[in-house]
Amino acid sequence: MAKKTLKAFQPGHGYTKQDWDEVGDNPQWTVDDFAKARPFAEVFPDLADSIRRGRGPNKAPTKKLVSLRLSREVIDKYKAGGDGWQSRIDADLRRINKIK
């Protein structure tokens with residue numbers, strides 16, 4: 001579903017009237033515009049190289065990545081608790097298996 005395009009400044013959207021005025025008219029992209037677009041890393045290679053991706057390797061990894069199939073109900077229950085749901089699963093498994 002496409003977002004509604006605002007034609008005039010309306011407060012309460014996370015930007016100021018000055019921000020709105022500085023952007024000016026920005027036409028919608030056409031298919032041709034998208035076809036001519038280039039990847040960020042190609043246009044700004046030095047800047048792209050300077051951007052850190054992820055946390056990087058651990059000095060002393062304490063966890064191992066595994067693939068595990070769990071029921072939808074279990075995943076939904078843990079995700080409902082918010083961020084850190086994987087860590088809560090780990091903590092519960094450690095508690096159940098009496099692992100410190």
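For clarity, every value in this text was computed on a predicted model and none was experimentally measured.

Caption draft 1: Focus on the pattern of salt bridges. As enumerated under the stated definition, the model contains 4 salt bridges in all. When the shortest N-O distance is used, the salt bridge between lysine 17 and aspartate 21 registers 2.8 Å. Taken together, the residues span about one helical turn, with lysine 17 and aspartate 21 both in helix α1 (residues 17-23) at a distance of 4 residues. A residue is classified by how much of its surface remains accessible, and lysine 17, at 44% relative accessible area, is partly exposed. Among the residues examined, aspartate 21 registers a relative accessible area of 46% and is labelled partly exposed. Note that arginine 38 is salt-bridged to glutamate 42, the shortest N-O span being 2.8 Å.

Caption draft 2: Just the packing of helix α5 (residues 72-80) against helix α6 (residues 85-96), in detail. Orientation of α5 relative to α6, taken along the N-to-C sense of each, is 115°, at an axis distance of 8 Å. Compared by their axis directions, α5 and α6 come out roughly perpendicular. Crossing hand, α5 versus α6: right-handed. Contact residues: Ile75, Tyr78 and Lys79 in α5; Trp85, Arg88, Ile89 and Asp92 in α6.

Caption draft 3: Quick look at unusual backbone geometry. A positive phi is found at lysine 98, a non-glycine position, where the angle reads about 55°. Looking at the secondary structure, you find lysine 98 in the segment after α6. A relative accessible area of 74% places lysine 98 in the exposed class.

Caption draft 4: A look at the layout of surface pockets. Volume-wise, the largest pocket comes out at about 580 Å³. What lines the largest pocket is a set of 15 residues, and nearest its centre among them are Lys63, Lys64, Val66, Gln86 and Asp90. Considering every element that reaches the lining of the largest pocket, the biggest residue donor is α6, with 6 residues. A class-by-class count of the residues in the lining of the largest pocket yields 8 nonpolar, 3 polar and 4 charged.

Rules used throughout
Counting restarts for each chain, with residues numbered from 1 along the sequence as it is written. Given that the model is predicted, a residue must reach a pLDDT of at least 70 before its local features are reported, and side-chain atom pairs must reach 80 or more before they are shown or counted; all residues, however, enter totals for whole chains, interfaces and linings. Note that the side-chain values use all heavy atoms of the structure and ignore hydrogens as well as water. Whenever a carboxyl oxygen of Asp or Glu lies within 4 Å of a side-chain nitrogen of Lys or Arg, that contact is scored as a salt bridge. By definition, any uninterrupted DSSP run of H or I lasting at least four residues is a helix, any uninterrupted run of E lasting at least two residues is a strand, and each is numbered from the N terminus. Partly exposed residues are those whose accessible area sits between 20% and 50% of the maximum for their type, while under 20% is buried and over 50% is exposed, using a 1.4 Å probe and protein chains only. What counts as an axis is a line fitted to C-alpha atoms, over the stretch in contact for a helix, and the angles between N-to-C directions run from 0 to 180 degrees. What sets the label is the angle itself: under 35 degrees gives roughly parallel, over 145 gives roughly antiparallel, 65 to 115 gives roughly perpendicular, and the rest give oblique. Each crossing gets its hand from how the near helix is turned against the far one by less than a right angle, where anticlockwise is left-handed and clockwise is right-handed. We call two residues contacting when some pair of their heavy atoms lies within 4.5 Å. Using protein atoms alone on a 1 Å grid, points that fit a 1.4 Å probe yet trap it form a cavity, whereas open point sets bounded by protein on both sides within 12 Å along at least five of seven lines form a pocket; residues with an atom within 4 Å of a point count as lining. Grid points are joined across faces, edges and corners, and a volume is the space filled by probe spheres set on the points. In this classification, Asp, Glu, Lys and Arg are treated as charged, Ala, Val, Leu, Ile, Met, Phe, Trp, Tyr, Cys and Pro as nonpolar, and every other residue, Gly included, as polar.

These values are about where atoms sit, not about what they do.
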